[in-house]
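Given next are the chains, with one letter for each unit.
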Amino acid sequence: MTTTVAAVEEGTDSPYALSHLDALESEAVHIFREVAGEFERPVILFSGGKDSIVMLHLALKAFRPASVPFSLLHVDTGHNFPEVLDYRDRTVARHGLRLHVASVQDYIDRGVLKERPDGTRNPLQTLPLTEKIQAEKFDAVFGGGRRDEEKARAKERVFSLRDEFSQWDPRRQRPELWNLYNGRHAPGEHVRVFPLSNWTELDVWQYIAREGIELPEIYYAHEREVFRRGGMWLTAGEWGGPKDGETVEKRLVRYRTVGDMSCTGAVDSDADTIEKVIVEIAASRLTERGATRADDKMSEAAMEDRKREGYF
C-alpha cells in the first residue's frame, strides 16, 4: 500500500506525506472508481453498521458532486436492532439512494428456510443474499469486511471472485500487486469487493471522528436491558431470549459491531463519546467479532465455512 505522495526534497525537513487515514481513504476511493469503470451492475452491502456507513461515506466522496452510481443491498434477518434499521432508512432517504432488501423472514414464511433451535438467523442470510445477487444480476458486491476482524477474512483479497453459485474458493485468489485489481469473471460469476480490507477497527473509529460521521446510538454507551449467555450480554427479543435461568438486568453497555440481535453481544462500557471509544478500542486486546459475535464461535472455521457457501 502506498503511504507517500511525493519524495522528500533533499535538504528540507518537510515531507509531503499522506497520513495513514489519508492513505487508506485514497486507496478506498481508488477501489470504488475502479469498480465503477470495470463492472456493469455493482451494489453496496449496507446494513447501517459502522463499516458499511464508512464505506458509503467513501463512495459519496469518490463520486462527488455526482451521485453514487450504485444501489444498496441489505440482508434483513428480521432480528435487526430497531435503531440500526431506522438509521439505514434515514440514510437512504437523505442521499436519494435505491435500497434492495433481501428478507430472511420471507424465506422462512415460504418454508424455504427453517428457524434454528438457537434462534440465530445469521447463518440463514446466505441464501437470500446469493439469490438476490443472481436475480438482480449484480456483478460486483461491495462489503465492509476487514482483514483484522477474523482469520478467514484475513485470507481475502480486495477483489474476491465468487463462482456461479456465489461460493468462495481460496485457491482462486488472485495476486494484487501495486494496487492493480483483476475484475475478470465468467458469466454468472461475480466479484466481492472490500475497500476497507486494510483498515483496522481503530482506523475506522479515527476516520469517523475525523469526518464527523453520524452513527446509530447503540455504538455509544447507554443503559440497556440485557442478559448473560455464552459470555456475552445479549438483548432480549422475540428471537428466543432470555431462557429459564437467564436474568435480565439493566447495564451500561455499547456495541462494537451490529448484526442479528440473537448473536451480537454488547460490552460493558462508559464510552459515550467518539474520543472515549477510540481510547477503549486502542486498549482492547480482542477483535470486535471475537468479543461480541456468537456466530463466529460455533466452530474454529465457522466464518470460512459460511464464506465458502456464499456469505461475506
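Here the residue index of a chain counts from 1 through its sequence in written order. Residue-level local features of this predicted model are given only where pLDDT is at least 70; pairs of side-chain atoms are given and counted only at 80 or more, and the full residue set underlies all totals for whole chains, interfaces and linings. Note: side-chain values were computed over all heavy atoms of the structure, leaving out hydrogens and water.

- Going by an unreviewed UniProt entry, the protein carries the name Sulfate adenylyltransferase subunit 2 and comes from Streptomyces olindensis.
- Here the protein is described in UniProt, under the heading Sequence similarities (unreviewed entry), as follows: "Belongs to the PAPS reductase family. CysD subfamily." UniProt positions are given in the numbering used here, feature names are shortened, and annotations may be inferred rather than shown by experiment.

1. Concerning the pattern of salt bridges
Link 1 in the chain: Here a salt bridge means any side-chain nitrogen of Lys or Arg lying within 4 Å of a carboxyl oxygen belonging to Asp or Glu. Following the criterion strictly, the structure yields 22 salt bridges and no others.
Link 2 in the chain: With a shortest N-O distance of 2.9 Å, lysine 61 and glutamate 211 are connected by a salt bridge. Within this pair, whereas lysine 61 is found in helix α2 (residues 50–63), its partner glutamate 211 is found in helix α7 (residues 201–211), the two being separated by 150 residues in sequence.
Link 3 in the chain: Partly exposed residues are those whose accessible area sits between 20% and 50% of the maximum for their type, while under 20% is buried and over 50% is exposed, using a 1.4 Å probe and protein chains only. Assessed through its relative accessible area of 25%, lysine 61 is described here as partly exposed.
Link 4 in the chain: Linking arginine 162 and glutamate 156 is a salt bridge whose minimum nitrogen-to-oxygen distance equals 3.4 Å.
Link 5 in the chain: Of the residues examined, arginine 162 reaches a relative accessible area of 0% and is grouped as buried.
Link 6 in the chain: Residues joined in a network through salt bridges with shared partners are Asp22, Glu25, Lys61, Arg210 and Glu211. Under the scheme used here, helices are H or I runs from DSSP no shorter than 4 residues and strands are E runs no shorter than 2 residues, and both carry numbers assigned from the N terminus.

2. Brief notes about the pairing of strand β1 (residues 42–45)
Link 1 in the chain: Side chains of β1 alternate between two faces, with Pro42 and Ile44 and Val43 and Leu45 buried alike.
Link 2 in the chain: Bridging between β1 and strand β4 (residues 140–142) involves three bridges; their strand directions are parallel. Each bridged residue has a counterpart across the sheet, and for valine 43 the counterpart in β4 is valine 141.
Link 3 in the chain: As paired elements, β1 and strand β2 (residues 71–76) share three bridges and run parallel to each other. When DSSP finds at least two bridges between two strands, those strands are taken to pair.

3. Considerations on the sheet that holds strand β8 (residues 232–235)
Link 1 in the chain: An order of β8-β7-β9-β10 is seen for the four strands of this open sheet, with the pairing classed as antiparallel. Edge positions in the sheet fall to β8 and β10 (267–268), since each has one partner strand and no second.
Link 2 in the chain: Relative to strand β9 (residues 249–254), strand β7 (residues 222–229) runs antiparallel, the two being bridged by five bridges. Bridge assignment links histidine 222 to a residue of β9, and that residue is valine 253.

4. Notes on a nonpolar patch on the surface
Link 1 in the chain: Taken together, Leu177, Trp178 and Leu180 make up a surface patch of nonpolar side chains, about 420 Å² in accessible area.
Link 2 in the chain: With respect to the helices and strands, the residue tryptophan 178 is situated in the loop between β5 (159–162) and β6 (190–193). Patches in this entry comprise residues that are over 30% relatively accessible and not in a salt bridge; like charges within 9 Å are linked, as are nonpolar side chains (Val, Leu, Ile, Met, Phe, Trp, Tyr) within 5 Å. Here the Shrake-Rupley method, with its probe set to 1.4 Å, supplies the accessible areas, and only the displayed protein chains count as covering residues.

5. A closer look at unusual backbone geometry
Link 1 in the chain: Omega for the peptide link from arginine 64 to proline 65 comes to 10°, which places this bond in the cis form.
Link 2 in the chain: Take proline 65: it is sitting in the loop between α2 and β2.
Link 3 in the chain: Phi is positive for lysine 137, close to 60°, though the residue is something other than glycine.
Link 4 in the chain: Mapped onto the elements of the fold, lysine 137 is located in the loop between α5 (126–136) and β4.
Link 5 in the chain: Despite not being glycine, tryptophan 178 has its phi angle at roughly 55°, a positive value.
Link 6 in the chain: Tryptophan 178 gets classed as exposed once you look at its relative accessible area, which sits at 74%.

6. Thoughts on the nonpolar core
Link 1 in the chain: The term nonpolar core refers to a set of buried residues drawn from Ala, Val, Leu, Ile, Met, Phe, Trp, Tyr and Cys, joined through side-chain atoms within 4.5 Å. Counting residues in each nonpolar core, the largest one holds 62 residues, and the members touching the most others are Phe32, Ile44, Val54, Phe142, Phe159 and Trp205.
Link 2 in the chain: Residue contributions to this core peak at nine residues, all from α2.
Link 3 in the chain: Where each domain starts and ends follows an automatic or database-derived domain assignment. Lining this core are residues from two domains, each supplying at least three of them: domain 1 (20–202 + 303–309) and domain 2 (217–298).
Link 4 in the chain: Core analysis: the second largest hydrophobic core is formed by 14 residues, Leu45, Ala102, Ile108 and Leu129 among them.

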